[in-house]
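# Architecture and fold: a report
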Amino acid sequence: MGIILYMVAREVMILVFFKRQTEGPPITNSLNKTLSNLSLSDTLPVTLKKTGASEFIPRSSPALHFSNSTSPLTVTAQLKNSSPTPTVPTYQEYVGGTTYFYAPPEAVSNDEEVVSNAAVTLYPGTPAHAKTAMAHLAPNADTSYYISNQLRLEIQHKNNLTLMQPDPNLCPDLPLEVDNYHELVPLEPLPAVPKAHLIIPYQTSTYKATHIKTGMRYCLRRVHGFRLANSKCMVLVDMWKKLNHSNIVQLREVFTTKAFGDQSMVFVYDYHPDSETLLARHFSSPEAVNGYTDSFSSNPNAPRPYSHSKNSLLRQQHTSSMLPETTIWSYVIQLTGALAVVHAANLAVRVIDPSKVLLTGRLRLQLSSTGILDLLTFDSSSNNPLSLIPHYQQEDLTALGKLILALACRSLIAVQRDNLQTSLDLMSRTYSADLRNVILYLLTTKQVRSVVDLMPMIGARYYSQLDTVQYHNDILQSELAKEMENGRICRLLVKLGTINERPELNMDPSWSETGDRYMLKLFRDHIFHQVTEDGRPFLDMAHVIHCLNKLDAGTHEKVCLMSRDEQSVLVVTYAELKACLDQSFAEIVASTHKSSLE
């Protein structure tokens, strides 16, 4: 009698599935009603073979295959209400003492199978072109299904810097709020004795701050003790705010404040964490900065004789590691690209200096502090704020030539007037004539120069720079593909974790143990709680990923689910499981919205 009741219950569940296959997408209402009518309290023994860790039903074979284990398994079910007679043609298989009913192969269209197979988006591995890029730029990169350790550490370090909070003990004088910004963190140590920069004629300080309304982080550059005398210069600020380029730190807004205890002008820029200037990267040694080191001198800032300056250049040429020429050309291409955009907008940078050019990534340059000198040195007697822009553009080209020469010689004294010829001769020994011609053109002030004229001098090196950028883009695309799959599976796990073992929903304490939720609970056990024949946990990441991918795709492949007490076995498809998952999660979302409205 028990066998007959079980067979009737199994037939009803399978026939509901057949009806869905012919009518369209799975409908969970009928399956919910059928599952809610199943009682797992009574025991009507039917002996089958115990399933092992792999309980899948292969797509190619309609029969259910079990392992060769001889341990008995009791499967019971009692049907409370009768079910209609099946209307879909079926065929049956007798396996292990139980009859299983299946739809004929033509019941599922080929189009549905093609779509289902395409939806299983397993990560195919690193593409061949990305492997080539990794070997070119990162030969020690690991090959795994997660983001590479080096890139992960870089991103985590930048995130830590972005989320850094201010320490009131270290900076007790910082205001809590400045205009619409708070959580100010100094980005550079404040000097004990206030002093002005060589380029900016006022003392400045830089902070990371958080916008109160948006929560975005920005860089605030404060100009101490400056009062804006004329508002005509704000025309230049508006022009800078509209200028957007990948090698320029974006200017967002400018405002005056008394929050620091004086009249200060604050420039708000985009924040790029873990950035450093070219001065800190390539001119950090005392020899590179000062060009002279004398332990017996009472005044290290005293003027140096020309002979010593020349000798220091020679020592720098031999002792320090010279920059690769490809690196210098990369800097030239990026800086000239930024200058071309700025000059085309009828503006001038005016701050091309090693202390104002930032390295925000791997060989990624960005011009910072733009627009500051336009306000600080604005001539209020002039009716046209743009009248001196052509002159400043010529100064930009001269400053660019000095910067390239200093990078080639790895010394700041190389750009002094008395050392120019010596510096050019020294850099000619290491670098090509093309780089020398670029520097000579930029340092020649007897003619009107244009940044566009540098294009023929750079020539085919643009292709090399573009090739490097595209290689790096291939690496990032490959890493993004890994995280895309991880994020997709994470969303599935969040939904399953939200549904499974929920204490109650809508005052129903048995919500997670009935209907669709009970089937999802068995599927959760099928994924994560598999055991071997001797009871040891079965851990296989491939099994977990394989099942979750099929669930996300909603394939028509069947899976065998077994209850924890080994009293029930359900054969369902991943399409039914996905429909159950979506509907159950939709109920939780609807209940959440309902509670918030009440």
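Cut-offs and rules
- Residues numbered from 1 in each chain as written.
- Predicted model: local features only at pLDDT ≥ 70, side-chain atom pairs only at ≥ 80, totals over all residues.
- Heavy atoms only, no water.
- Helix = DSSP H or I, 4+ residues; strand = E, 2+ residues; numbered from the N terminus.
- Buried < 20%, exposed > 50% of the residue type's maximum accessible area, 1.4 Å probe, protein only.
- Contact = heavy atoms within 4.5 Å.
- Areas by Shrake-Rupley, 256 points an atom, 1.4 Å probe, with all protein chains shown as cover.
- 1 Å grid on protein atoms, 1.4 Å probe; cavity = no way out; pocket = protein on both sides within 12 Å on 5 of 7 lines; lining within 4 Å.
- Points joined across faces, edges and corners; volume = space filled by probe spheres on them.
- Nonpolar A, V, L, I, M, F, W, Y, C, P; charged D, E, K, R; others polar.
- Pairing = 2+ DSSP bridges.
- Polar contact = N/O pair within 3.5 Å; in protein donor to acceptor, adjacent residues only side chain to side chain.

## Regarding the overall build of the chain
If you tally the helices and strands in the chain, you get 19 helices and 17 strands. Counting across all 598 residues of the chain, residues that qualify as buried make up 44%. The contacts of the chain with a sequence gap of at least 6 include a subset with a gap of at least 24, amounting to 69%. Summed over its atoms, the accessible surface of the chain is roughly 31,100 Å², and 55% of this surface lies on carbon and sulfur atoms.

## A look at the layout of surface pockets
Rolled over the atoms, a probe sized like a water molecule indicates the empty space that remains. Estimated volume of the second largest pocket: approximately 1,300 Å³. Lining the second largest pocket are 39 residues, with G361, R362, L363, R364 and H472 sitting closest to its centre. Where the lining of the second largest pocket is concerned, the elements lending two or more residues are α5 (149–162), α10 (325–344), β14 (357–361), β15 (364–367) and α16 (461–499). In terms of residues, the lining of the second largest pocket owes the most to one element, α16, which gives 10 residues. Taken together, the residues that form the lining of the second largest pocket break down as 12 nonpolar, 18 polar and 9 charged.

## Section: the pairing of strand β10 (residues 217–223)
Across the 7 residues of β10, 6 count as buried, placing the element largely inside the fold. In terms of strand pairing, strand β9 (residues 204–211) meets β10 through 7 bridges, oriented antiparallel. Bridged to T204 within β10 is V223. Sheet topology note: the β10/strand β12 (residues 264–270) ladder contains 6 bridges and is antiparallel. From the neighbouring strand, R221 faces β12, where its bridge partner is F267.

## Overview of the side chain of S355
Tracing the backbone shows S355 in the loop between α10 and β14. In this structure the side chain of S355 is engaged in a polar contact, spanning 2.5 Å, whose partner is the side chain of D353.

## A closer look at the sheet that holds β14
Taken together, 3 strands build an open sheet; the order of strands is β13-β14-β15 and the sheet is antiparallel. Looking along the sheet, the strands with just one partner apiece sit at the ends: β13 (276–277) and β15. Two elements, β14 and β15, share 4 bridges in a ladder whose sense is antiparallel. Bridged to V357 within β15 is L367.

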